[in-house]
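Coordinate analysis (summary)
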Amino acid sequence: MQILLCESAEQVGARAADIIEARIRRGPAVLGLATGSSPRTTYLELIRRHREEQLSFSQVRAFTLDEYAGLPAEHEQSYWSTIRRELVDHVDLPLEHLFTPRGDAPNLRGEAQRYDAAIVSAGGVDVQILGIGANGHIGFNEPTSSLESRTRVKTLAGATREDNARFFPEGNVPRLCLTQGLGTIREARWAVLVAMGSNKANAVRAMVEGPVSAHCPASVLQLHPQAVVILDPAAAADLTLLDYYREAQELNEQLLSYR
Ligand code: F6R
């Protein structure tokens, strides 16, 4: 696991965008996209590079991490609508290359299996962008999710529903969701997790320095061969080996600049 310590949320976004851009410029790519506040600076930076530096998404296919059950795609708070608003509608990614599980599918279990299979038949995800919940979830894999799980229907934790209540002013936060499983996420070739803010510091420490445990689902990234965790100072504040991460980061950057 590589830890990148940044000065600001904007810098977090720029570092994550560097990894995505490097992959996109190599040829057709499959991206895994998180929604929520964490990847916003990443998406803003990608949009800027699209507008100002000819970064094209025309050869990109994108799979969202999750979707609320019960919401049709057109609902303002569906992850289909959210990812369009925050990224897809501002770049040249063809809409038919954007995939989300259908939250209003009549057979949610079947829909989850279909979605998991669609990711596999697309050749798997090249770069998966992730945020982390204050309770350690990635995607909507809440604590006690199986580390081997596939895309499936999950019950949202009370804490997650409270965190996301800000998007549902009428108080009708969905109780169920469809989410890529931890086993599905682990198959992405790169896992890039971005976190900012002091409310993530505990979860970040458990993910990076705690045991690999279903109690902190994000800790499964310790088993991933190419996981990069990009943090602002507040999200990194509880890490105990900060000096070591800083030194490793400096040496890595020197090595990269020799190439
Ligand atoms: C969203 C997702 C979630 C969020 C997490 C953090 O697609 O998969 O795991 O990344 O809940 O949410 P924010 O970034 O809003 O703090």
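Located above this text is the structure these notes cover.
Residues numbered from 1 in each chain as written. Predicted model: local features only at pLDDT ≥ 70, side-chain atom pairs only at ≥ 80, totals over all residues. Heavy atoms only, no water.

1. Side note on the pattern of salt bridges
- Under the definition given, this model contains 18 salt bridges.
- Between Asp243 and Arg246 there is a salt bridge whose closest N-O contact spans 3.6 Å. Here Arg246 and Asp243 lie together in helix H9 (residues 242-258), a separation of three residues that amounts to about one turn.
- Judged by relative accessible area, which is 39%, Arg246 ranks as partly exposed. (Salt bridge = Lys/Arg side-chain N within 4 Å of Asp/Glu carboxyl O. Helix = DSSP H or I, 4+ residues; strand = E, 2+ residues; numbered from the N terminus. Buried < 20%, exposed > 50% of the residue type's maximum accessible area, 1.4 Å probe, protein only.)

2. Some points on the side chain of Ser38
- If you trace the backbone, Ser38 turns up in the loop between strand E2 (29-33) and helix H2 (40-53).
- With relative accessibility at 10%, the residue Ser38 sits in the buried group.
- Setting aside residues no more than four positions away along its own chain, Ser38 makes contact with Gly131, Val194, Met196 and Lys200. (Contact = heavy atoms within 4.5 Å.)

3. Thoughts on the packing of helix H1 (residues 9-25) against H2
- One way to put it is that H1 packs onto H2 with a least axis distance of 7 Å and a crossing angle of 55 degrees. Classified by the interaxial angle, the pair formed by H1 and H2 is oblique. Pair H1 / H2 crosses with right-handed handedness. Here H1 contributes Ala9, Glu10, Gly13, Ala14, Ala16, Ala17, Asp18, Ile20, Glu21 and Arg25 to the contact with H2, which in turn contributes Thr41, Thr42, Glu45, Leu46, Arg49 and Glu53.
- Along the lines of polarity and charge, the residues of the contact of H1 with H2 split into six nonpolar, three polar and seven charged. (Axes fitted to C-alpha atoms, helices over the stretch in contact; angles between N-to-C directions. Parallel < 35°, antiparallel > 145°, perpendicular 65-115°, else oblique. Left-handed = near helix turned anticlockwise from the far one by under 90°. Nonpolar A, V, L, I, M, F, W, Y, C, P; charged D, E, K, R; others polar.)

4. Some points on the pairing of E2
- Taken across its five residues, E2 has five buried, putting it largely inside the fold.
- Covered by surrounding structure in E2 are Ala29, Leu31 and Leu33 together with Val30 and Gly32, the residues of both alternating faces.
- Bridging between E2 and strand E3 (residues 60-64) involves five bridges; their strand directions are parallel. Bridged to Val30 within E3 is Arg61.
- Once you follow E2 into H2 and on to E3, the crossover reads as right-handed. (Pairing = 2+ DSSP bridges. Right-handed = clockwise from strand over helix to strand, strands pointing away.)

5. Examining the state of the cysteines
- Considering all chains together, one arrives at zero disulfides under this definition.
- Sulfur of Cys177: no disulfide; nearest cysteine sulfur belongs to Cys216 and is 17 Å away. (Disulfide = S-S within 2.5 Å.)

6. Considering the sheet that holds strand E1 (residues 2-5)
- An order of E1-E10-E9-E6-E2-E3-E5 is seen for the seven strands of this open sheet, with the pairing classed as parallel. Two strands bound the open sheet, and with one partner strand each, they are E1 and strand E5 (98-99).
- Bridge count for strand E9 (residues 190-195) against strand E10 (residues 227-231) is five bridges, and the pairing is parallel. The partner of Ala195 across the bridge, within E10, is Leu231.

7. Thoughts on unusual backbone geometry
- For Gln54, which is not a glycine, the phi torsion comes out positive at approximately 55 degrees.
- By relative accessible area, Gln54 is classed as exposed at 62%.
- Despite not being glycine, Thr144 has its phi angle at roughly 85 degrees, a positive value.
- Along the chain, Thr144 turns up in the loop between strand E6 (127-130) and strand E7 (152-155).
- Overall, Thr144 belongs to the exposed group, its relative accessible area being 63%.

8. Regarding the nonpolar core
- If you look at the biggest cluster of nonpolar residues, it comprises 31 residues, and the most contacted ones within it are Leu31, Leu46, Phe57, Leu93 and Ile230.
- Elements supplying a minimum of two residues to this core: H1, E2, H2, E3, helix H3 (79-86), E6, E9 and E10.
- Ranked by residue count, the leading element in this core is H1, at six residues.
- Not counting chain neighbours up to four residues away, the residues in contact with Phe57 comprise Ile24, Leu31, Leu46, His50, Val91, Asp92, Leu93 and Pro94.
- Of all hydrophobic cores here, the second largest spans 28 residues; its members include Leu130, Cys216, Val220 and Ala227. (Core = buried A, V, L, I, M, F, W, Y, C linked by side-chain atoms within 4.5 Å.)

9. Things to note about the site of the ligand
- Around the ligand, a shell composed of 16 residues is seen, among which Ser38, Asp66, His137, Gly139 and Lys200 lie nearest.
- Here an oxygen atom of the ligand and a backbone polar atom of Gly139 are 2.7 Å apart.
- Computed on the free molecule, the ligand has an accessible area of 410 Å², of which 92% lies beneath the protein chains in the complex.
- Tallied by class, residues from the shell around the ligand come to five nonpolar, eight polar and three charged. (Near = heavy atom within 4 Å. Polar contact = N/O pair within 3.5 Å; in protein donor to acceptor, adjacent residues only side chain to side chain. Areas by Shrake-Rupley, 256 points an atom, 1.4 Å probe, with all protein chains shown as cover.)

Just geometry here; none of it tells us what the structure is for.
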